[in-house]
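Tertiary structure, described
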Amino acid sequence: MINITFPDQSVREYQEGITGYEIAQSISPRLAKEVLAITANDQLLDITRPITTDATIKLHKWEDSEGKHAFWHSSAHLMAEALQTLYPGIKFGIGPAIENGFYYDVDPGDGVIIKDSDLPRIEKKMKELASQKNTYVRKEVSKEEALSFFNARNEEYKSELISELEDGTISFYQQGNFTDLCRGPHLPSTAPIKAIKLLSVAGAYWRGDEKRKQLTRIYGISFPKQKMLEEYLQMLEEALKRDHRKIGKELELFTFSQKVGQGLPLWLPKGAKLRERLENFLKRVQVKYGYEPVITPHIGNKELYITSGHYAKYGKDSFQPINTPTEGEEFLLKPMNCPHHCEIYKAKPRSYKDLPVRFAEFGTVYRYEQSGELHGLTRVRGFTQDDAHIFCRPDQLKDEFKKVIDIILYIFKALDFKDYITQVSLRDPGNNEKYIGSDENWEKSESAIIEACKEKGMKTIVEYGEAAFYGPKLDFMVRDAIGRKWQLGTIQVDYNLPERFDLEYVGNDNQKHRPVMIHRAPFGSMERFVAVLIEHTAGKFPLWLTPEQVVILPISEKHNDYAKKVLNLLNNSDIRAVLDDRNEKIGKKIRDNELKRTPYLLIVGEKEAENNEVAVRKQGDGDKGSMSIDDFVNFINAEVENMLAEIEK
RNA sequence: GCCGAUGUAGCUCAGGGGUAGAGCGUUUCCUUGGUAAGGAAGAGGUCAUGGGUUCAAAUCCCAUCAUUGGCUCCA
């Protein structure tokens, strides 16, 4: 007999060799029906695997990510089986479960192309195979066996994977006619896979290496119930409605022009208004934190970037130099602001008493991003960073770092960003040549970041190998409507540029010392931040930010004069109001302006004109009754002030 | 950059070898209407661009450009 400990710490005795499925059965038939995987002593297992020792277990149902994982991983195998049937000679790469669904990378063979239009056919085959309710059978094999099995089938990708595994840890899973190298766990059979949707086809380099063969990746998702699939697809559609590219067009915030160039956003008046308000907001915050504005040009001499090291690192992959016609000097579009700011630091001698100095600039930079990578406003070739560089003494580093964290957290709070991830990016320990600067400085800066985060009580994830080439960083990341992760705020420590630019300050010992630099951008880039803000709010911006706060709707043309009077009064009171004096019925005007997401609609007609009133309608919330114009002005201004005061707390 | 998809009116999209379509928007006129779509008429397109096939191409083929889902990269 063995002792099984459950998550609630209760212990039950079972026969040795009992399976997860049987344990579930012993609790309730319903649980047995729903259980998909089991963790036993921290090891994730099939529910058909016998448990032979005392174990602490957790049974995973669909609701657990482990349960979904097994479900989707099994679905990936099912898809592979379908592909094998439909495309004889197809070779398989890897086919994991992912956050939402699964994929399989395959090599369909020379000249064979799998297209979007083939997906329904594959789906159909999968359903057909699933209905056979084949079991997933696990088999442990030796490395030699494994290799000979896949070599015999010319599955070079599998063979490559196996050759990197250790003997004794290799297992196969087989269902129907398909056998795959796999760690598991899997479902007992294909029976539960009831609803399947293959979503897209994409190219994916074998092992993520662009020098190697590009395989065909097929993405899909599956569910135990058809209804769940429908809900998921519904949700995807809803998410698409929040897409900043769609809303940006609808609300006339930004556009692109093929003639101007790809990845070069054009801010339309309303978008510019929004962005300007964001910038002003941050400028006010920065004044409080002792930042000084600086302004630098859009280009810089190539020498500047040779000094900074950026040219060696990125020169050939960036926009190529602009030449002066007669002298033949070379200038680069600036890919970043820091070298310019270093030169500002150098413009005069600095004393230890002056430090830290903090130079802030909304600096527009240009980077040659690969064309396939461009995406709406989140990945562009020309963008404006809310950049600043702090030059401080080493002993001030941690404090300065913490102050920057405060600014970022403040801004996120102001904009109600709650679902963000904070990531500390450190060096890849096994790959030091990727980075410039001394080990000692790297260690100092890495520990400064880690300590600052700890002291701020932040929950961060640590990623090795994600550091910038010149220093470690702390990034604030959020997800977009389609679930992709984007970096917004960033703080980076840099010992390297001060070295390269030979930056100095005179210490209290009257000796020259090297300052440390912090690069930081709370929004990251205005473009990306606005994109994320659009998706976050679905275009319903907070009152203090929105380009148009109020729209005035006269009942008929007879009331246009009064409406204009209201408009002037509001505009003179710093309220961003517009007038909708189109020859339309009031119902139509309300509908149109509701759809434009203007926070307040003011309806003015006979009654209001007589009493100097406005009839207030709140976006999405209907009629709020009438009030005097003065009261409305006070009401709006108070609401904005309250919002901002709330943030200050 | 690579693999797949897409490109038709300002927007959303239908169509498809033989005169270019709808809805919304826009303009003009009628209407002056009290809380989510009043009516009529009009304007608006070299069907992304350049080649090719054809008596005839928006439609078929090729290339390019852009957008897009991924891969890779990201100072």
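Definitions and cut-offs
Every chain is numbered on its own, with residues counted from 1 as its sequence reads. In the order they appear in the text, chains get letters beginning with A and ligands get numbers beginning with 1. Per-residue local features are limited, in this predicted model, to residues with pLDDT of at least 70; the limit for side-chain atom pairs, both in listing and counting, is 80 or more; totals at the level of whole chains, interfaces and linings are taken over all residues. For two strands to be treated as a pair, DSSP must find no fewer than two bridges joining them. Put simply, DSSP H or I for four residues or longer makes a helix, DSSP E for two residues or longer makes a strand, and each gets a number counted from the N terminus. Note on geometry: axes are C-alpha line fits, over the in-contact stretch for helices, and angles between N-to-C directions span 0 to 180 degrees. Put plainly, near means the residue's C-beta atom, positioned from the backbone, lies within 6 Å of the molecule or strand in question. Each residue receives one of three labels: charged for Asp, Glu, Lys and Arg, nonpolar for Ala, Val, Leu, Ile, Met, Phe, Trp, Tyr, Cys and Pro, and polar for the others, Gly being one of them. Working rule for angles: under 35 degrees goes down as roughly parallel, over 145 as roughly antiparallel, 65 to 115 as roughly perpendicular, anything else as oblique. Crossings are assigned a handedness: left-handed for a near helix turned anticlockwise from the far helix by less than a right angle, right-handed for a clockwise turn. A pair of residues counts as a contact when their C-beta atoms, built from backbone coordinates, are within 7 Å of each other. Values of pLDDT, ranging from 0 to 100, describe the predictor's confidence in every residue of the model. A helix's residues, less one, multiplied by 1.5 Å, set its expected span. Any residue whose C-beta has 12 or fewer other C-beta atoms within 10 Å is treated as exposed, any with 20 or more as buried, and any in between as partly exposed, C-beta atoms being built from the backbone.

What follows concerns the sheet that holds strand β1 (residues 2–5). The 5 strands lie next to each other as β2-β1-β7-β4-β5, forming an open sheet whose pairing is mixed. Looking at strand neighbours, the two that pair on one side only are β2 (11–14) and β5 (43–45), the edges of this open sheet. Adjacent strand axes in the sheet meet at a mean angle of 35°, parallel and antiparallel pairs treated alike. As judged from the 4 bridges shared by strand β4 (residues 37–40) and strand β7 (residues 55–60), these two strands associate in the antiparallel manner. Paired with I38 across the two strands is L59, which belongs to β7.

Further remarks concern the protein's contact with RNA strand B. Near RNA strand B there are 62 residues, and of these G203, G208, G372, S556 and G605 occur at the shortest range. Listing elements by their share of the surface near RNA strand B, those giving two or more residues are β14 (195–205), β15 (214–223), α8 (244–250), α11 (310–314), α18 (586–595), α19 (606–611) and β34 (613–618). At 7 residues, α18 tops the list of elements feeding residues into the surface near RNA strand B. Residues of the surface near RNA strand B, tallied by class, amount to 20 nonpolar, 20 polar and 22 charged.

Time to look at the packing of helix α13 (residues 397–414) against helix α14 (residues 439–455). Between α13 and α14, the least distance of the axes is 9 Å, while the angle of their chain directions is 50°. If you check the angle between α13 and α14, you find them oblique. With respect to the hand of their crossing, α13 and α14 are arranged in right-handed fashion. Counting all contacts with α13, which are made through L397, K398, F401, K402 and I405, the residues of α14 involved are A448, I449, E451, A452 and E455. In terms of residue class, the contact of α13 with α14 is made up of 6 nonpolar, no polar and 4 charged.

Along the chain, E252 turns up in the loop between α8 and β16 (254–255). The spacing of E252 and W267 is 15 residues in sequence and 8.8 Å in space, taken between C-alpha atoms. Once you skip the residues sitting within four places of it in the chain, E252 turns out to touch L268 and K270.

The next thing to look at is the sheet that holds strand β19 (residues 299–301). Strand order across the open sheet formed by 3 strands is β19-β21-β20, with antiparallel pairing between neighbours. Where the open sheet ends on each side, the last strands, each with one partner, are β19 and β20 (322–323). Where β20 meets strand β21 (residues 330–333), 2 bridges bridge the pair, whose relative direction is antiparallel. Residue N323 lies in a different strand from β21, and its bridge partner there is E330.

The next subject is the confidence of the model for chain A. When the pLDDT values of chain A are averaged, the result is 91; 100% of them are 70 or greater. Reported for the predicted complex are a pTM of 0.91 and an ipTM of 0.93.

The end-to-end C-alpha distance of α13 is 26 Å, a good match for the 26 Å that 18 residues give at a rise of 1.5 Å each. Restricting attention to buried positions, one finds in α13 the residues L397, E400, F401, V404, I405, I407, I408, I411 and A414. In the segment just after α13, D416 is the residue with positive phi, at about 60°.

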